[in-house]
Amino acid sequence: MRTFDDNSGNQWQAALMEASFGNVLLVFTRIGAEGVRHGALDAANYRQAEDWLAGADEERLRECLAESKPFLSDPP
């Protein structure tokens, strides 16, 4: 898990989640506010995704956050 600030100074945490068929999601949660976002991470396996997350700089995490989509909540 990594903690970083977005361009507006809001604090976020980025974590990994194993998905089906060997996919890995990058999950973002805003600290002190509601909302969870996610994006697919291009990694061959979970271990590679862990290495990527450990080595990613904050600018790359902000880019991934900007490309992420909200997790769906309750259906309308």
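A brief report on the enclosed structure follows. Residue indices follow the written sequence of each chain, beginning from 1 at its first position. Given that the model is predicted, a residue must reach a pLDDT of at least 70 before its local features are reported, and side-chain atom pairs must reach 80 or more before they are shown or counted; all residues, however, enter totals for whole chains, interfaces and linings. The side-chain values count all of the structure's non-hydrogen atoms but skip hydrogen atoms and water molecules.

1. Description of the overall build of the protein
Link 1 in the chain: Under the scheme used here, helices are H or I runs from DSSP no shorter than 4 residues and strands are E runs no shorter than 2 residues, and both carry numbers assigned from the N terminus. Looking only at helices and strands, the protein has two helices and five strands in total.
Link 2 in the chain: Ordering the α and β elements of the protein from the N terminus gives β-β-β-β-α-α-β.
Link 3 in the chain: On C-alpha atoms alone, the protein measures out to a radius of gyration of 12 Å, which is about the 11 Å that the 2.2 N^0.38 rule sets for 76 residues.
Link 4 in the chain: Each principal axis of the C-alpha distribution contributes one length, and for the protein these read about 35 × 30 × 20 Å.
Link 5 in the chain: When a residue's accessible area, from a 1.4 Å probe over protein chains only, is under 20% of the maximum for its type it is buried; when over 50% it is exposed; and in between it is partly exposed. Counting all 76 residues of the protein, 28% fall into the buried class.
Link 6 in the chain: Note that accessible areas follow from Shrake-Rupley with a 1.4 Å probe, and for residues the cover is restricted to the protein chains shown. Summing over all exposed atoms, the protein offers an accessible surface of approximately 5,300 Å²; the carbon and sulfur share of this is 48%. As a reference, a globule follows 2.2 Å times the number of residues to the power 0.38, and the radius of gyration itself is taken over C-alpha atoms.

2. Section: the sheet that holds strand β5 (residues 69-70)
Link 1 in the chain: Note on pairing: two strands pair once DSSP finds at least 2 bridges between them. Spatial strand order, β1-β2-β3-β4-β5: five strands in an open sheet with antiparallel pairing. This sheet does not close on itself; its edge strands, each paired only once, are β1 (2-5) and β5.
Link 2 in the chain: In this sheet, strand β3 (residues 24-30) lies alongside strand β2 (residues 11-18) in antiparallel orientation, the contact comprising seven bridges. Counted as the bridge partner of L16 is L26 from β3.
Link 3 in the chain: Contact criterion: two residues are considered in contact whenever any of their non-hydrogen atoms come within 4.5 Å of each other. Interaxial angle, 0 to 180 degrees, is taken between N-to-C directions of lines fitted to C-alpha atoms, where a helix line uses only the stretch in contact. This element, helix α1 (residues 46-55), spans β1, β2, β3 and β4 (36-41) of the sheet and lies at about 165 degrees to β2.
Link 4 in the chain: Where helix α2 (residues 58-67) meets the sheet, it contacts β1, β2, β3, β4 and β5, and its direction lies at approximately 85 degrees from that of β1.

3. Points about the packing of aromatic side chains
Two numbers describe a pair of aromatic rings. These are the distance of the centres and the angle of the planes.
Link 1 in the chain: Between rings of Phe, Tyr and Trp, where Trp is taken as its six-membered ring, a pair exists when centres lie within 6.5 Å; planes separated by under 30 degrees are stacked, by over 60 edge-to-face, and by other angles tilted. Using the criterion set out here, one finds one aromatic pair in the structure.
Link 2 in the chain: Between F4 and F28, the aromatic rings sit 6.0 Å apart at their centres with planes inclined by 80 degrees, giving edge-to-face as the arrangement. With F4 in strand β1 and F28 in strand β3, the pair connects residues that are 24 residues apart, well separated along the chain.

4. What to know about a nonpolar patch on the surface
Link 1 in the chain: Only residues above 30% relative accessible area that lack a salt bridge enter a patch, with like-charged residues linked at up to 9 Å and the nonpolar side chains Val, Leu, Ile, Met, Phe, Trp and Tyr linked at up to 5 Å. Just to be clear on terms, a salt bridge is a Lys or Arg side-chain nitrogen sitting within 4 Å of an Asp or Glu carboxyl oxygen. Together, M17, V36 and F71 give the surface a local cluster of nonpolar side chains, amounting to about 220 Å² of exposed area.
Link 2 in the chain: Locating V36 in the fold gives a position in strand β4.
Link 3 in the chain: V36 gets classed as partly exposed once you look at its relative accessible area, which sits at 34%.

5. Considering the side chain of R62
Link 1 in the chain: Here R62 lies in helix α2.
Link 2 in the chain: The exposure class assigned to R62 is buried, which follows from its relative accessible area of 19%.
Link 3 in the chain: Setting aside anything within four residues of it in sequence, one finds R62 in contact with F4, D5, D6 and N7.

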